[in-house]
Structure formats: structure tokens, C-alpha cells
Amino acid sequence: MRETELKRTPLYECHLAAGGKMVPFAGWEMPVQYRGVVEEHRAVRTRVGLFDVSHMGEIEVTGSRALDFLQYVTCNDVSKLTVGRAQYSGLMTPRGTFVDDLLVHKMSDRQYLLVVNAANKDKDYAYLCAQAAGFSGVEVNDRSAEWAQLAVQGPKAAAVVQRLTPARLSDIKYYHFVIEKVCGVEAILARTGYTGEDGFEIYVRPAHAPDLWDAILNAGADEEIMPCGLGARDTLRFEACMHLYGNDIDDSTTPLEAGLQWIVKFGKGPFLGREALLRQEAAGLRRKLVGLEMIGRGIARHGYPVLKDGERVGAVTSGTFSPTLQRALALAYVPTELAGEGEELDVEIREQPVRAKVIATPFYRRPR
Amino acid sequence: MSYPEDRRYAKSHEWVLVDGNTATIGITSYAQEQLGDVVFVELPAVGSTLERDGAMGNIESVKAVSEVFAPVAGEVVEVNGALEARPELLNTDPHGEGWLVRVNMAPGSDANLLTAAEYEAFLAEEGAH
């Protein structure tokens, strides 16, 4: 994609003003970092950080059969949602693989808001529209242009956001949301995030986003809030082992292989991919996504081969040096028989095998 | 950023400080800014031979891995062992404690490298400032 075609979020000028280093990402011009990935990462783990995630897609599903439709296209049980709750789920192919991973928000009995990956938004929208053609009483609308999204993440996130809203944040549980005023404008205020910390994702109309950005930075001045870019977003989600579509999951991997059994609800009735997933479960998983810690010197990266006794047995899906744990860690698909904790494998780094061992995930769990 | 005038620079963002036959090689401040937080440095072994503009090592930041190219030819006589425990020296002091290797330089292989002023002009042209 040519640079001239890149989209900008309503916060583009705010990023430049904050010293953001802008890079192309999923068709958007986004800040990869401001002060530095590690400094931003630490701010979120110890205090609070602010992210522009307006590139994410928002797709609305409405109508009398919205629930039935979502039960059919996603693998989690949407009937468990009450109004004001959000659910992590997978948009499924008939093969039981991921079209995308997403958050489903129940706005009302006949209205749901799906938040999807920026890189997949157009694909997801087309897929949902095609699937909806077989359903009467369902309407699918791409609302991405109508929402900006800011994420405030970290142990001090609630304290900072509380200064900007009359909503009682202590009443909003993890994966719940309210429609409330934030900085005087109507927002979806959700206790969700992609960092492994407590925090909020705040959805407002794009025109209000710059004022909200500035207000959050001002409100968090005492906590030394930092604007954070996509670099820190990636290292944070990686330590928490939250999957990244295109790396750890894609349309060739299933939720069972990815360790996401908890979002697959066979008991809810028919859904896309159910038979394929049942077959995979009955036959036994051939491969699994595992955590690796590098024992030898080197950093495993996406796509590097995983070897056992010199034979290629899998591949790294995500890997970096963990700023919190100060170790080189990775996620990789390996055969089930090699997926046990303590198993020693090699990662091929620039044609050299480097020793690694399977360790438990998530790598990081926040203290509660 | 002003670049030290005691050394020469390559357009691939390495610096070379020549003292007699010995050349010390490092990466420039601009290069470390582009890399971000350095977490791992892979250097050639002492005794190995570097070709000018040939790959001589890899620098890993939290974001990605980048190759380093040899700005001069020669035999590696010393590597900066401090980087094993403190790779962040490349960020905090790229022109000093963050040096990478010392080589017994092949005579004349530092020809056509840039002066500090020329390197700064090159960065400006590249839109780096």
C-alpha cells in the first residue's frame, strides 16, 4: 500500500505533538512508539498508559435475530451475555478456523457491537454480510468510521479515568461496560484491554477524540501517564499471551490448537466450524500453541522454525525479549507430544539452532 | 544530535574510529534511535574476517532484528563483551561504551567514508531530522 493511501485516526495530530514515530500498520498510519517501547511498556505495568486504538473496526449487528446470527458465526456462547457485558470470541470458518478474533458487546437485546482487528475489518464485514444473507431479521453495518477508541491501561487506569466521568468505575467489572459521559461527551466505557493490566477502552465519536486524549493525559499527569504506541501494545499483549491475529491465530488455526478452548461452547447448538472442531477434539490435537523460553542466546521471532533433534516440527508465532520478565520468550505451534512443560526444543535463528524449553503460559499475570 | 568529528561514518549508519591500524566500529546515534530499545547483540568472533559492506552481526531490539554491515574490512581483534550483559549501552552511549568490535583494518578500506558534517547532511537529505 502506498503511503498516500494510509488512513489517519482523528488523533494523528496528537501523536505528532507527543513525538510519536508514525509507521504504516494495517492500512493506517499509527504511532509505533513515542519515548520508547520499553519505557512505555513499564509505564503500563507499573502506572498507566494511553493508547490510540481507533484503527480497530466496529461492526454492528442488529435485528430480532441478531443473537441467533451471532450464535451461528462465533464460537463463544453469546446467550450468556447480558446488556452491558462484553465477550471475547472467534468469528469462525466452516473449518473451525479463525476469520478473526473479536469482542462482542451486547448493547441491547437486538443490538450488538463487534470490535474487530483493523487488518481484518473489511474481510469480516464482507463475511458477516454474506452469512447474514441467509438470515432474515439481521442487519450488519460497518460503524468503524463513527467510533474512535482510546485505551487507558495500567494499575492506575481506574484512578485516572474516574476523574473524567460520573460513572462509578468500582461498579464496572472486568468485561463489563456502560454508556456514560466521559469528559462531558457520551462514550462506551468498557473495562477491557489488550495489555494484561486493569484498564478501560473508551469509544467516542471521532470529533471528540482529540479533546479526550488531552484530557486523559492531563488527568494522569500525577501518575506520569505516558502515551503508548503499537510497539508497547504488542510486547504487553505478548507477555499476557493474548493472541495476535496474523501471528498466533489465523484462518489455518483453530481455537483448540491455540489454547482457546474456553471460547468454544459446543453445548450452545450449531455454529460455523462446530463439526470440524468436534472432529479435531475427538481425534486429538496434533499441535498446540505453547510458551517457549530461550535457554541459548537469541531472540525467537515470528516465522522462525522450531526444531526437535534437527527436524523441523513447528514455527514461532510471536517472540521478543520480555521487558517485564527480562527473558527472551516466544509462542510457537509444536506437535502435542512435544508440548509438555520442560520439553527442550530448538529455535532456528539465522540458520543456527538455539535451545529453548516449553514453559507455562501466560508469561505474565498481573498481581491482584 | 551532533556527531563526533574524530571518526568517519557509513551511509548504513555505522561509525569507524581509526587509531593506527586499529579501527573501532559502532552504530550511530541515528541508527540506535531507529532500532529502539536494544536487547541483544550478536557479534562476529575474534579472528574472523570482515569484508567491507558485508554483514558483521545482528542487533535485536524489542521490535525487530537488524543486520549490521562492516564499514571497513579487516580481522576482528576484539569484541565489546560488555554488550552481552548490557545491550542497552547501544542506546545510552552508541558512540562510546556501546562500540561493537575492533578490527585490524585492511589498509585503505576506510576510503570514501563520510565526515561528521557529511553524515549529518546525509541524514538531513534522508529526512531524518
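Residues numbered from 1 in each chain as written. Chains lettered and ligands numbered in written order. Predicted model: local features only at pLDDT ≥ 70, side-chain atom pairs only at ≥ 80, totals over all residues.

**Student:** Help me understand the overall build of chain B in this model?
**Tutor:** Of regular secondary structure, chain B possesses 4 helices and 9 strands. Starting at the N terminus and walking to the C terminus, you meet the elements of chain B as β-β-β-α-β-β-β-β-β-α-α-β-α. For a compact globule of 129 residues, the expected C-alpha radius of gyration is about 14 Å, and chain B comes in at 14 Å, within 12% of that figure. Each of the three principal axes of chain B carries a C-alpha extent, and together these read 35 × 30 × 20 Å. Here chain B holds 129 residues, and 41% of them are scored as buried. Summarising the internal contacts of chain B: among those between residues at least 6 apart in sequence, 63% fall at separations of at least 24. (Helix = DSSP H or I, 4+ residues; strand = E, 2+ residues; numbered from the N terminus. Rg over C-alpha atoms; globule rule 2.2 N^0.38 Å. Buried ≥ 20, exposed ≤ 12 C-beta atoms within 10 Å, placed from the backbone. Contact = placed C-beta atoms within 7 Å.)

**Student:** Please clarify how the overall build of chain A should be interpreted in this entry.
**Tutor:** Summing up its helical and strand segments, chain A has 8 helices and 19 strands in all. Taken over C-alpha atoms, the radius of gyration comes to 21 Å for chain A, in line with the 21 Å a tight globule of 368 residues would show. Along the longest, intermediate and shortest principal axes, the C-alpha atoms of chain A span 60 × 50 × 45 Å. By the burial criterion, 48% of the 368 residues in chain A qualify as buried. By sequence separation, contacts in chain A at least 24 residues apart represent 65% of the contacts at least 6 residues apart.

**Student:** Mind showing me how you'd approach the confidence of the model for chain B here?
**Tutor:** If pLDDT is low for a region, its predicted coordinates should not be looked at in detail. Summing up the model confidence of chain B, the mean pLDDT is 94 and the portion of residues at 70 or higher is 98%. We note a pTM of 0.93 for the whole complex and an ipTM of 0.80 for its interfaces. (pLDDT = per-residue confidence, 0-100.)

**Student:** I'm lost on the interface of chain B and chain A in this one. Help?
**Tutor:** Size of an interface: often given as the accessible area lost when the parts come together. If you look at the interface, chain B gives 9 residues, while chain A gives 12 residues. Residues of the side of chain B that touches chain A, tallied by class, amount to 4 nonpolar, 2 polar and 3 charged. (Nonpolar A, V, L, I, M, F, W, Y, C, P; charged D, E, K, R; others polar.)

**Student:** I would appreciate a short explanation of the sheet that holds strand 6 (residues 55–61) of chain B in the present structure.
**Tutor:** The strands making up a sheet associate through backbone hydrogen bonding, with each pair oriented either parallel or antiparallel. Residue and element names in this part refer to chain B. The antiparallel open sheet is built from 3 strands, whose spatial order is 4-6-7. Lying at the two open borders of the sheet, with one neighbouring strand each, are strand 4 (38–42) and strand 7 (65–69). Across this sheet, the average inter-strand angle for adjacent strands is 25°, counted without regard to direction. (Pairing = 2+ DSSP bridges. Axes fitted to C-alpha atoms, helices over the stretch in contact; angles between N-to-C directions.)

**Student:** Quick question: what am I supposed to make of the pairing of strand 7 (residues 111–116) of chain A here?
**Tutor:** Within a regular strand, the side chains alternate between the two sheet faces. Residues and elements named next belong to chain A. Within strand 7, 5 of the 6 residues are buried, which leaves the element mostly enclosed by the surrounding structure. In the sheet, strand 4 (residues 57–62) pairs with strand 7 via 6 bridges, with the strands oriented antiparallel. Among the inter-strand pairings, threonine 62 is bridged to a residue of strand 7, identified as glutamine 111. Between strand 6 (residues 98–108) and strand 7, which pair antiparallel one after the other, the connecting turn spans 2 residues.

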